[in-house]
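Spelled out from the first residue to the last, the chains are:
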Amino acid sequence: MIESAIVGLTQHLPRIRIPTSSDKVYKDECVYSFDTPDSETGLYVCLHTFLGLGKDFVLRHYKRTGSAVYLHLLRDRIEKENKQGDGPERKVTKLAIGIEGGFEPDKKDIVTTETLSIVILPEFISIPWPCDKLPQVVVQSVEGILAASSALKMAELESVAGTWDGEVRSVSRHAADLLQIDNGVKIPPNGWKCEECELDSNLWLNLTDGKILCGRRFFDGTGGNEHALQHYKKTGYPLAVKLGTITKEGKGDVYSYEEDDMVEDPLLIQHLAHFGINIMNLEKTEKSMAELELALNTNYKEWSGTEDGKSVSGPGLTGLANMGNSCYLNSVVQIIFSIPDFTKKYFENADSIFDNAPVDPAVDFNVQMAKLATGLISGKYARPDNSDQPERKIIPPVTPVMFKNVIGKGHPDFSTKNQQDAHEFFLHLLTFVQRNSRGSLDPTECFKLQVEDRFECGATGKAKYTRRTEYCLPLSIPLSQEQLAAVKAQSMNKDSKDFSRPHIDLNACLSAFLQTELVEQFYSTAIQDKTTAKKTTRLATFPDYLMIHLKKFCLNDNWIPIKLDVSVDMPSEVDFKMLGRHQRPPGEELLPEPTGPIAPPVLDQGVINGLVEQGFPIEAAKKAAYFTKGGGIEMAVNWLMEHIADQDLNDPFVVPGAEPVVKEFIPDEEGLMMLTSMGFTRAQATKALKATGNNVERAGDWIFSHADELDKADDEQPPVAGETFRDGNSTYKLIGVISHMGPSSMVGHYICHILKDGQWVVFNDEKVAFSENIPKNLGYLYLYQRV
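Everything quoted here is computed from the prediction, not taken from an experiment.

The rules we used
Residues numbered from 1 in each chain as written. Predicted model: local features only at pLDDT ≥ 70, side-chain atom pairs only at ≥ 80, totals over all residues. Heavy atoms only, no water. Helix = DSSP H or I, 4+ residues; strand = E, 2+ residues; numbered from the N terminus. Buried < 20%, exposed > 50% of the residue type's maximum accessible area, 1.4 Å probe, protein only. Contact = heavy atoms within 4.5 Å. Pairing = 2+ DSSP bridges. Core = buried A, V, L, I, M, F, W, Y, C linked by side-chain atoms within 4.5 Å.

Q: Report on the overall build of the protein chain, specifying residues and quantitative values.
A: Secondary structure summary: the protein chain contains 21 helices and 29 strands in total. Among the 787 residues that make up the protein chain, the fraction classed as buried is 51%. Sequence separation of at least 24 residues holds for 71% of the intrachain contacts in the protein chain that already meet a minimum separation of 6.

Q: Requested: an account of the pairing of strand E1 (residues 43-46), with residues and values cited.
A: When a strand is regular, its side chains alternate between the sheet's two faces. Alternating residues of E1 divide into Leu 43 and Val 45 and Tyr 44 and Cys 46, and every residue in both groups is buried. Note that E1 and strand E3 (residues 69-80) share four bridges and pair antiparallel. Following the sheet pairing, Leu 43 is matched in E3 by Leu 73. Relative to strand E2 (residues 52-53), E1 runs antiparallel, the two being bridged by two bridges. For Val 45, the partnering residue across the bridge sits in E2 and is Gly 52. Linking E1 back to E2 in an antiparallel pair, the connection comprises five residues, with Phe 50 at a positive phi of about 65°.

Q: Can you explain the side chain of Ser 39? Please cite residues and give values.
A: Structurally, the position occupied by Ser 39 is in the loop between helix H1 (2-9) and E1. The contact partners of Ser 39, leaving out residues within four places of it in the chain, are Phe 34, Leu 74 and Pro 396.

Q: Lay out the environment of Thr 731 in plain terms, naming residues and giving numbers.
A: Looking at where Thr 731 falls in the secondary structure, it is placed in strand E25 (residues 731-741). Separated by 156 residues in sequence, Thr 731 and Asp 575 have C-alpha atoms that sit 4.2 Å apart. Aside from chain neighbours lying at most four places away, what touches Thr 731 is Glu 573, Val 574, Asp 575, Gln 785, Arg 786 and Val 787.

Q: How would you summarise the nonpolar core if you had to cite specific residues and measurements?
A: Grouped together as the largest cluster of nonpolar side chains are 100 residues, with contacts concentrated most on Leu 134, Phe 337, Phe 342, Phe 365, Phe 403, Leu 429 and Phe 447. The greatest single-element share of this core, amounting to eight residues, is contributed by helix H11 (residues 365-377). Contacts of Phe 403, omitting those with residues within four sequence positions, involve Leu 329, Val 333, Phe 365, Gln 368, Met 369, Leu 372, Phe 425 and Leu 429. One finds Leu 473, Leu 506, Leu 564 and Phe 576 within the second-largest nonpolar core, a separate group that totals 32 residues.

As structure tokens, this is what we get:
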């Protein structure tokens, strides 16, 4: 049997390749699905293209490419009950990037068996590996595949410097020849205090001069007053060790200010002895930085506001593995693929996308979106709860590594394994979808809304209307000065029992959105000079799905990022009619259009350069320089801090008042004639043409699908100039919530709740369960569907 299979193999030898260092070898996961060597049918690696393929795709690949020979990888991993004691549930002992939740519990007992074979298509003839009768080129190809670095892992390493587990550190370049001043300083074994502020915790010993000073503030506001950092800035002495973390083995938390990282000091015992410290007399009394990070992520009080009910699995109920603080990504894509526009584009149309895939499907955005949609919606990879079985086969979770590599490539934040902001990722994902939907269905249309700004010239009272496209409605949280001060103070002391979380009504957030804003340095075309203007904002359209972003993240008085720990009452159903477009007052006069180009303002380039050096985007820096009238860097920074959450902060800078005026809509006369000949009034035909940008064919479809809007007053209709928007009534129901648990956007954890078939389901990375306690008042992003 083997002999005949090898004879049949001979005809395919010319297409078999030996992988070189420049070849990408996908041997961990199928490029079109989430099949892996651990899956029931294993993984097939093509000996010509080196693409990994699941059983459902390997025959398709053969028909498309003619490649008939594959290495079949099949692995069984059985998790066995740990019989050593029957103590409590495994304890979380350290942070770990790349595994669920970002934490690593105690190890499990896992037995692994692996089977390799050579498979010839289309009959799936199998030859066991190793086999001494195989042709040399086949042997070399297989050995090359097995020895090659996985393309998946290589792609990750291109964007992040390896995997972080909260404890792995490199040796400091200052350790070997560290300057230590012979100043007679001797450090006592206890009773330490900061030499500047008397703090007795979070203390750092500078290893050059023996100064004991307090450390930085943590993300939750606790910690020190940064005297150790200030000392480094004055002296340049680079290394400090955290007192209380030093062990008898000569280990401790050592920080290098110049290298801006936690480091290893192999000579720590020697450096401590310089100041009379005998490590044998020291006991570890404080948490290490990794332990503090762990505590911030596991103990944050908002976790008490959520609950996981009965585990559930099936189509649309598939979790996603955490790839290293990727919970922000997991939550956003779960929400996205609960929307019909996205399921139609990427799930129902998946076969077409796969059939038209490029040479390397792993780096194609549409392919990876279709793969992700299929993995989440089909139910094939849903994992039932088998934790009660003494021996259970490990079913690999859906791990969207290829998708993350594509969506994050080249991005300074989303290419890393650090925690990121879910709102920013949502907008980043929509941008990718739009870019890859040119000439085809764009599912982001379901979110697209038109925002209308009205400016009233302070000198003449004349008005100007501008419109812009947005995909999310940002709402500020109105807090009194007393409430804001209390919230910021609470961020500094998470253990306080006196704090009462402020409760805010949604209507208060909506009223804040509707408030009039005073715009300085507004260019009025009526007086052809700068003046002030009153600005109000309304929604010109109501999209099919309204994503609301509660602007909870801000900076406290010390510029430390914090989250406003507030409760906002978000109703299950709400009418946003109060946000509807401006009603033009009788006799209103509009500002004239510019008669010529408006001279660009003279901006302080020194201020702009200084802001850019501090990390602010250049367009935001231009706005800060403009609105602070050359008041200097400090004033510009303060302005940016006040406007850091503005939706359009990083948009191209335009002098207020110099934006293009929205022109009155002029309907196409031939289109009017055609539609009125069908029995519609001129007013109805005009509305249809306005809503479709004068597209006659689409206007006919619009009429039949918007019959209830045909006879509305004209000022109730949103004007459109060259761009179409879905629009309807203003009543919405809540169908999704993304919640953030943690003190700032840089730490913590995201989960999402989605309403599916009338039942709320919580998605906590790969855990999926029914939920009875939805944290509707503690969410960050809210998805509303128009009723």
